[in-house]
Amino acid sequence: MPRDSALATLQGGSRDEALASGRSRLRAAGVEAADEDARLLLQGACGVDRLAMVIGGDLPVSGDEARRFLEFLDRRVGGEPASRILGRRAFWTLDLEVRPGVLDPRGDTEALVRLALRVALQAGQTPRRILDLGCGSGALLCALLSEFPAASGVGVDVSEGACAAAIANLALCGLDGRASVVRGHWFDQVEGAFDLIVSNPPYIPAGEIDALDREVRDHDPRLALDGGEDGLDAYREIFVGARRVLAPGGAIAVEFGLGQAADVARLARDRGLQKVDSEQDLGRRDRAAAFRVE
Ligand SMILES: C[S@@+](CC[C@H](N)C(=O)[O-])C[C@H]1O[C@@H](n2cnc3c(N)ncnc32)[C@H](O)[C@@H]1O
């Protein structure tokens, strides 16, 4: 449909009608989560939350809202993820800012949050100090600090943009008083002992990056994806450093890619870390494991 007619159809129609039209456009373009994305983009275009969208479905869409929605749909059809278009992402119970050049946190990473919570609670006391290695947007650190109100945390990332994003998200969640973010290479700038270490490091084998979906390849930074030749470089370094900063009885929990569970467990074992628990992602695939010093 030509742009002017599309605009005329949306403008003055109801939000429910705009949603239905956005859905069909995204479905026709083969967008995987077409229904969810159309809803998020319309909410963003109208500046309302999910509840307002549900109860205000018969409200009319203004000219500005219609124009914004069409622009968002164009960008989504062009391969830009909805979270990047809106600059926001729901993660765990939080609403986080997503910045260009910083990894967009994924729903699958909530497996690591679930695992970290379980393992920390199994120890019989809540963690006092939490370390997030390769913190990116700060998603993991924010989620864990929100669940453990007595804990403090440190986020580490080698990317300046990621450190700035993590600081912004900690402030957005009201958690900046209990956390600091340092720029550095894994443990280089890390001092002291931690009861809980989490990490979702880069784990894609370098040779597979060009074949990733364009939504990942074109929008997430290579630094957040590239795990070296076999995808496991980061774990080799992280498990060495973990031994130095884990408090007695502490645990480290890491995310990994599909099919990497056994290799990651072997690398941990080689460094004297014993697997104590694991967790699956939304597709019921092994995606995170936790370890303690043997
Ligand atoms: C897969 S992303 C994870 C981001 C965030 N933790 C999440 O789960 O959404 C990996 C992160 O590790 C960071 N990183 C890569 N190499 C690093 C290094 N040598 N030291 C510290 N951070 C590093 C990247 O900049 C990126 O932010």
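Residues numbered from 1 in each chain as written. Predicted model: local features only at pLDDT ≥ 70, side-chain atom pairs only at ≥ 80, totals over all residues. Heavy atoms only, no water.

**Student:** Explanation requested: the packing of aromatic side chains in the structure shown.
**Tutor:** Each pair of aromatic rings is reported with the distance of its centres and the angle of its planes. Applying the stated rule across the entire model yields 2 aromatic pairs. Geometrically, the ring pair formed by Tyr-235 and Phe-239 is tilted, given 6.3 Å between the ring centres and 35° between the ring planes. A residue pair is termed a helical-turn pair when its members lie 3 or 4 positions apart in one helix, as Tyr-235 and Phe-239 do in helix 12 (residues 233–245) at 4 residues. For Tyr-235, a relative accessible area of 0% puts it in the buried group. Aromatic side chains Phe-239 and Phe-291 sit 5.5 Å apart centroid to centroid with 70° between the ring planes, which places their arrangement in the edge-to-face category. Separated by 52 residues along the polypeptide, Phe-239 in helix 12 and Phe-291 in strand 9 (residues 286–293) bring together distant segments of the chain. Accessibility assignment for this pair places Phe-239 and Phe-291 in one class, buried. Pairwise contacts between aromatic rings join Tyr-235, Phe-239 and Phe-291 into one cluster. (Phe/Tyr/Trp six-rings, centres within 6.5 Å; stacked < 30°, edge-to-face > 60°. Helix = DSSP H or I, 4+ residues; strand = E, 2+ residues; numbered from the N terminus. Buried < 20%, exposed > 50% of the residue type's maximum accessible area, 1.4 Å probe, protein only.)

**Student:** Can you walk me through the nonpolar core in this structure?
**Tutor:** Side chains that are nonpolar tend, in soluble globular proteins, to be buried together. Grouped together as the largest cluster of nonpolar side chains are 33 residues, with contacts concentrated most on Ile-130, Leu-144, Leu-145 and Leu-170. Going through the elements one at a time, strand 2 (94–97), helix 7 (110–122), helix 8 (139–147), helix 9 (160–172), strand 5 (179–183), strand 6 (194–199), strand 7 (246–255) and strand 9 are the ones with two or more residues in this core. If we ignore the near neighbours within four places in the chain, the residues touching Ile-130 are Leu-141, Leu-144, Leu-145, Phe-148, Ala-151, Ser-152, Gly-153, Val-154, Phe-194 and Leu-196. Counting 31 residues, the second-largest nonpolar core is a separate cluster that includes Phe-194, Tyr-203, Ala-242 and Val-254. (Core = buried A, V, L, I, M, F, W, Y, C linked by side-chain atoms within 4.5 Å. Contact = heavy atoms within 4.5 Å.)

**Student:** What exactly am I supposed to notice about the packing of helix 1 (residues 3–10) against helix 5 (residues 63–77) here?
**Tutor:** When two helices pack together, their arrangement is given by the angle between the helix axes and the distance between those axes. Interhelical geometry of helix 1 versus helix 5 gives an angle of 130° and a closest axis separation of 9 Å. What the angle tells us is that helix 1 and helix 5 run oblique. Handedness of the crossing formed by helix 1 with helix 5: right-handed. Within the contact between the two elements, helix 1 uses Arg-3, Ala-6, Leu-7 and Leu-10 and helix 5 uses Gly-63, Ala-66, Arg-67, Phe-69, Leu-70, Glu-71 and Asp-74. Residues belonging to the contact of helix 1 with helix 5 are distributed by class as follows: 6 nonpolar, 1 polar and 4 charged. (Axes fitted to C-alpha atoms, helices over the stretch in contact; angles between N-to-C directions. Parallel < 35°, antiparallel > 145°, perpendicular 65-115°, else oblique. Left-handed = near helix turned anticlockwise from the far one by under 90°. Nonpolar A, V, L, I, M, F, W, Y, C, P; charged D, E, K, R; others polar.)

**Student:** Just to check I follow, could you spell out the site of the ligand for this structure?
**Tutor:** Neighbouring the ligand are 18 residues; Gly-134, Asp-157, His-185, Trp-186 and Asn-200 lie closest to it. The separation between a nitrogen atom of the ligand and a polar main-chain atom of Cys-135 is 3.4 Å. Within the side chain of His-185, an N or O atom sits 3.0 Å from a nitrogen atom of the ligand. In isolation the ligand exposes 600 Å². Once the protein is present, 95% of that is buried. Per-class residue counts for the shell around the ligand are 10 nonpolar, 7 polar and 1 charged. (Near = heavy atom within 4 Å. Polar contact = N/O pair within 3.5 Å; in protein donor to acceptor, adjacent residues only side chain to side chain. Areas by Shrake-Rupley, 256 points an atom, 1.4 Å probe, with all protein chains shown as cover.)

**Student:** Looking at this model, I keep getting lost on the domain arrangement of the protein chain. Mind explaining?
**Tutor:** When cut into domains, the protein chain gives domain 1 (3–86) and domain 2 (92–293). Placing a centre on the C-alpha atoms of domain 1 and another on those of domain 2 gives a separation of 33 Å. Each partner contributes residues to the interface: domain 1 has 8 residues there, and domain 2 has 11 residues. Note on domain 1 versus domain 2: buried area summed over both sides is about 690 Å², and carbon and sulfur give 38% of it. Broken down residue by residue, the surface that domain 1 buries against domain 2 is led by Gly-79, Ser-83 and Arg-84, which jointly contribute 67%. In this structure, the salt-bridge partner of Arg-76 is Glu-215, at a minimum N-O distance of 3.0 Å. The tally of links between domain 1 and domain 2 comes to 8 residue pairs in polar contact (both at pLDDT 80 or more). For the side of domain 1 that touches domain 2, the secondary-structure elements that each account for two or more residues are helix 5 and helix 6 (82–86). The class makeup of the residues in the side of domain 1 that touches domain 2 is 2 nonpolar, 3 polar and 3 charged. (Domains from an automatic or database assignment. Buried area = accessible area lost by both parts, 1.4 Å probe. Salt bridge = Lys/Arg side-chain N within 4 Å of Asp/Glu carboxyl O.)

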